[in-house]
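# Reading the structure
As a plain string of letters, each chain reads:
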Amino acid sequence: MAVKLFVSDLDGTMLPNGNVVSAENIAAVQCAVRAGVTVTIATGRMFEAALPVAEALGVDVPIIAYNGALIKSPSGHIYEEYALDPMLARDIITFAQARGWYIQSYSGGVLRYAVTCEESRFYEDSQKITGKAVGRDGMLAYVTGNCKLLLVTEGRAVSEARAQMLLDAFGAHIGVTRSADRLVEIVVKGVSKASALTALAAKLDIPIAETMAIGDAYNDLPMLKAAGTSVAMGNAFPEVKAEADCETLSCTENGLAAAIYTYVLGMGADAPVPMRRG
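The paragraphs below set out a description of the structure included in this document. Since we're looking at a predicted model, the values are computed, not measured. (Residues numbered from 1 in each chain as written. Predicted model: local features only at pLDDT ≥ 70, side-chain atom pairs only at ≥ 80, totals over all residues. Heavy atoms only, no water.)

Before going further, it helps to examine the overall build of the protein. From N to C terminus, the protein includes 10 helices and 14 strands. With respect to the principal axes defined by its C-alpha atoms, the protein has extents near 60 × 40 × 30 Å. Counting only residues that meet the buried cut, the protein has 56% of its 278 residues in that class. Across the protein, every contact between residues at least 6 apart in sequence was considered, and the portion connecting residues at least 24 apart equals 56%. Carbon together with sulfur atoms contributes 53% to the accessible area of the protein, which is approximately 11,100 Å² in total. Taken together, the 23 basic and 30 acidic charged side chains of the protein have centroids lying 3 Å from each other. (Helix = DSSP H or I, 4+ residues; strand = E, 2+ residues; numbered from the N terminus. Buried < 20%, exposed > 50% of the residue type's maximum accessible area, 1.4 Å probe, protein only. Contact = heavy atoms within 4.5 Å. Areas by Shrake-Rupley, 256 points an atom, 1.4 Å probe, with all protein chains shown as cover. Lys, Arg positive; Asp, Glu negative; His and termini not counted. Charge placed at Lys NZ, Arg CZ, Asp CG, Glu CD.)

Below is the structure:
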């Protein structure tokens, strides 16, 4: 069945790091658009960090940000927004601070953390954005309008343990996922890239069977399961590859472009980025 909506993750899928999209991926996206496919982004990033990528791609379609908690167009139109209840956000921040965890917030589209540290620098470097250090008390002054909260940890084992502790304490009200080994993301319960993909397809009047999603990380799993066809990056976590219908090249090999040419446009070995196997 023809693909009418193609939804791509960013980090580890379209981008190896930062905000620079390869010429190969831009060309593939624009080729798909000319063929009548709606191509968009679904990311854990804040909208402001995803916008430069959408502009580089030349797509003027709604962007799925904050792991599905916000669907917003480059022009600023909000299609859907799910912010954490302010008192719940306050409780989660207090819970994290009491345990000495690093936590950051995004109220009003501004990245905030208590103090500048290794974790804040790690996140800023990976996203090519700059946040604000507002102090421990300052974090509690910005609890309204957070589409997500995020922990940066030492690694996978710590992330898994802290994610479970958050679910044990607040699981009736939040969804928790890991977008990378060091990142734990907290959103409103029921919100995910999958819920956003489903909502966007409905708004565009595109059947789910005619959607395709591509990703590499744990937070992409719901979206991959919800899409009509799913593609795992060559660098995806094993759990992601196990759930996907197809696999492509790695991010550094322009696997996104290879997937578009092969699975969306039906090109073969003569594609600008062919799918090389074995």
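Here the focus is the side chain of Ser107. Mapping Ser107 onto the fold places it in the loop between strand S6 (103-105) and strand S7 (112-113). With residues near it in sequence (within four places) discarded, Ser107 still touches Arg112, Tyr142, Thr144, Gly145 and Asn146.

On to the nonpolar core. If you look at the biggest cluster of nonpolar residues, it comprises 82 residues, and the most contacted ones within it are Phe6, Met14 and Leu57. Leu57 has contacts with Met14, Val21, Ile26, Val29, Gln30 and Ile41, leaving out every residue within four places of it along the chain. (Core = buried A, V, L, I, M, F, W, Y, C linked by side-chain atoms within 4.5 Å.)

Further remarks concern the environment of His173. Among the secondary structure elements, His173 is positioned in the loop between helix H6 (156-170) and strand S10 (174-180). With 88 residues separating them along the chain, His173 and Asp85 place their C-alpha atoms 9.2 Å apart.

Here the focus is the packing of helix H1 (residues 23-34) against helix H10 (residues 255-264). Packed helices, taken two at a time, are described by their axes: the angle between them and the distance between them. Packing of H1 against H10 leaves a shortest axis separation of 8 Å and a crossing angle of 25°. By the angle between their directions, the pair H1 and H10 is classed as roughly parallel. At the point where H1 passes H10, the crossing takes the left-handed sense. Residues Glu24, Asn25, Ala27, Ala28, Val29, Cys31 and Ala32 of H1 lie in contact with H10, whose contacting residues are Leu256, Ala257, Ile260 and Tyr261. Partitioned by chemical class, the residues of the contact of H1 with H10 number nine nonpolar, one polar and one charged. (Axes fitted to C-alpha atoms, helices over the stretch in contact; angles between N-to-C directions. Parallel < 35°, antiparallel > 145°, perpendicular 65-115°, else oblique. Left-handed = near helix turned anticlockwise from the far one by under 90°. Nonpolar A, V, L, I, M, F, W, Y, C, P; charged D, E, K, R; others polar.)

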